[in-house]
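# Observations on the model geometry
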Amino acid sequence: MKNPVIALGLDAADPVLIDKWISQGYLQNLKTLREQGAYGRLTHLEYYKAETPWTTFLTGCLPEKTGYWAPLKYYEGTYNAEYVQAYDFEEYQPFYGLGDDYRVAVFDMPQSVLSEKVNGLQVLAWGAHSPQTPSHSRPVSLFKDIIKEYGEHPALHKDHGDWWDKGYINRLKEALQIGIKRRSTICRDWLKQEKWNLFLTIFGETHSAGHDFWYLSQEDHPLYSQKQEIGDPMLETFESVDRAIGEILAEAPEDAYLVVFAAHGSDNNTTDVPSMLLLPEFLYRYSFPGKFLLPQGKSGAVVPPPVTSPQRMNWQEEIWREMYHPNPIKPLLRRWGSNNFNSQLDRVVRKLQGKEDSLLSRFSRPRGPLVWQPVMWYQELWPQMKAFALPSFSEGYIRINLEGREPGGIVAPSEYNAVCQDLTEQLYELKNPRTGESVVKNVVHTRQSASDRDPKLPDADLVVVWKDQPADVIDSSKFGRIGPVPYRRTGSHRSRGFLTVKGPGIEVGSTLPEGRAVDLPPTILELMGAPIPEYMDGKPLVKVSIPVS
């Protein structure tokens, strides 16, 4: 029997935050594990950092190799974007598909697939955040058995809400606590079942808590003053996860390697509002000078305070009620009419006109599977725009409306680089009027020229990396002010993670070399004594210094 590996992933658990809480006397199990083993920091990609960590972890390959950048896919030649979910794993399999020589148990791994090459147990989408895979198992009956014996995870597909909905916040808080306890029980029972070569589970609860509870926990968030009497549910979630880690690892064999990691982290949300709303409006104004869909303000004017009392229990509806229309009656109807009333009125208007109304004349917001992203409200205008924003979970993604590539492309290939450069300069000039600083940290050009058509390149031609400062409003000297608008989720991701390893041959209290998230799978395989595929982009961060038994 080779030395077993017990690997516990904390989804989007930020190392800076964990260090802070450990120094304050919290998270004793994580502290003890770090003191008794080796610890190091990890980095991930600067862009597409929210969409790629788990595919990178599962395959050991960077997106440039897999061609998978996000579950939101733009289809060239259509002006259409869809939610396509996880990577298909046809070219590169999950690293734990090791065949008959290794017994493997995988519980609730997000964004994965059931692998025929796993000799053991697999359960997917029991309680993961954004699992991007059906709730199923191998063997097939296992998932139903899990539900019957332990129950469902009450937060599965129910961890999406708005920060001002206190009922939602309290429901999620309770659901995560229940889910953590059930996860701990399931994992302990599986570990008692047999001595696995690899046991792997991911705590998705830390991811959900980071998105929705951040403003209740961290004093530097602009909405921290709104926390009222709810307390700190994010810390409570992490404390429960810490207790569960202690319970699970207590069942580990004495000769096991204990691995706790995070492939990426979290902090104040700096991406949702800029990427989903402010960027598409900026690009609209860039393509149609003098026009605007969100109310236009004067750059440099006194900025109003943040929106702390939204009127609708839904961020998208709250934004739609602010969309500009030259007829002042329509914004009032949007503002004060019910959603059902506005939808019915919209249908009446369309029927009387005998055609689809334009974006400006609609009473209710457009419809479709991705309509919850305001980026998509501009979709019908994309053929007329020089550049348009693509749907995003993290950075701002810009697609150039390139002639010969897009069905109605208006930017000639000879003008491609010039348009990219002009946009880049305009983006760097955007300011946050609350701070006076630029809102853009970096603009990444993903293609060197218009002729770069490698299908494994990302859909975006330009990627806007926002500075680590929340922005609900931006100023452009050329196109005026956009916002303020309500904040959306209060936490978003950072490209930093961590790795802690304890076990035979691991020096107590040692420091690992700084690595990357892509180094995690070869590290786990190294600890298992399993072969590491040559195609992997990472390298082991730990070398086993004693013979495996």
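Residues numbered from 1 in each chain as written. Predicted model: local features only at pLDDT ≥ 70, side-chain atom pairs only at ≥ 80, totals over all residues. Heavy atoms only, no water.

## Some remarks on the sheet that holds strand 12 (residues 387–390)
As a reminder of what qualifies: At least two DSSP bridges between two strands are required for those strands to pair. The helix and strand labels rest on DSSP assignments: H or I over at least four residues marks a helix, E over at least two residues marks a strand, and numbering proceeds from the N terminus. Helix axes are fitted only over the stretch in contact, all axes being lines through C-alpha atoms; the angle between N-to-C directions runs from 0 to 180 degrees.
Across the sheet, four strands lie side by side as 12-13-17-16; this open sheet has antiparallel pairing. Sheet topology places strand 12 and strand 16 (440–445) at the edges, where each strand pairs with a single neighbour. Mean inter-strand twist for the sheet, computed between neighbouring axes without regard to direction, equals 25°. Alignment of strand 13 (residues 396–400) against strand 17 (residues 462–466), held across three bridges, turns out to be antiparallel. Its bridge partner being in strand 17, tyrosine 397 is matched across the sheet by valine 463.

## A closer look at the pairing of strand 5 (residues 103–107)
Our working rule: The classification of residues rests on relative accessible area computed with a 1.4 Å probe and restricted to protein chains. Under 20% of the type maximum is buried, over 50% is exposed, and intermediate values are partly exposed.
Most of strand 5 is tucked away, with four of its five residues classed as buried. One ladder, built from five bridges, connects strand 5 with strand 6 (residues 119–124); its direction is parallel. The residue bridging alanine 105 from the neighbouring strand is leucine 121, located in strand 6. Pairing analysis gives four bridges linking strand 5 to strand 8 (residues 198–203), with the strands arranged parallel. The residue bridging valine 106 from the neighbouring strand is leucine 200, located in strand 8.

## Observations regarding the layout of surface pockets
Applied cut-off: As defined here, a cavity is a set of points on a 1 Å grid over the protein atoms alone where a 1.4 Å probe fits but cannot get out. A pocket is an open set with protein on both sides within 12 Å along at least five of seven lines, and residues line them when an atom is within 4 Å of a point. Grid points are joined across faces, edges and corners, and a volume is the space filled by probe spheres set on the points. Gly falls in the polar group here, along with every residue not listed as nonpolar (Ala, Val, Leu, Ile, Met, Phe, Trp, Tyr, Cys, Pro) or charged (Asp, Glu, Lys, Arg).
In this structure, the largest pocket spans a volume of roughly 710 Å³. Together, 31 residues line the largest pocket, and His129, His160, Trp372, Phe393 and Arg489 are the ones closest to its centre. Elements that contribute at least two residues to the lining of the largest pocket include exactly helix 7 (205–217) and helix 10 (315–320). Considering every element that reaches the lining of the largest pocket, the biggest residue donor is helix 7, with three residues. Of the residues that constitute the lining of the largest pocket, the class distribution is nine nonpolar, 15 polar and seven charged.

Such coordinate-based values are descriptive only and should not be taken to indicate function.
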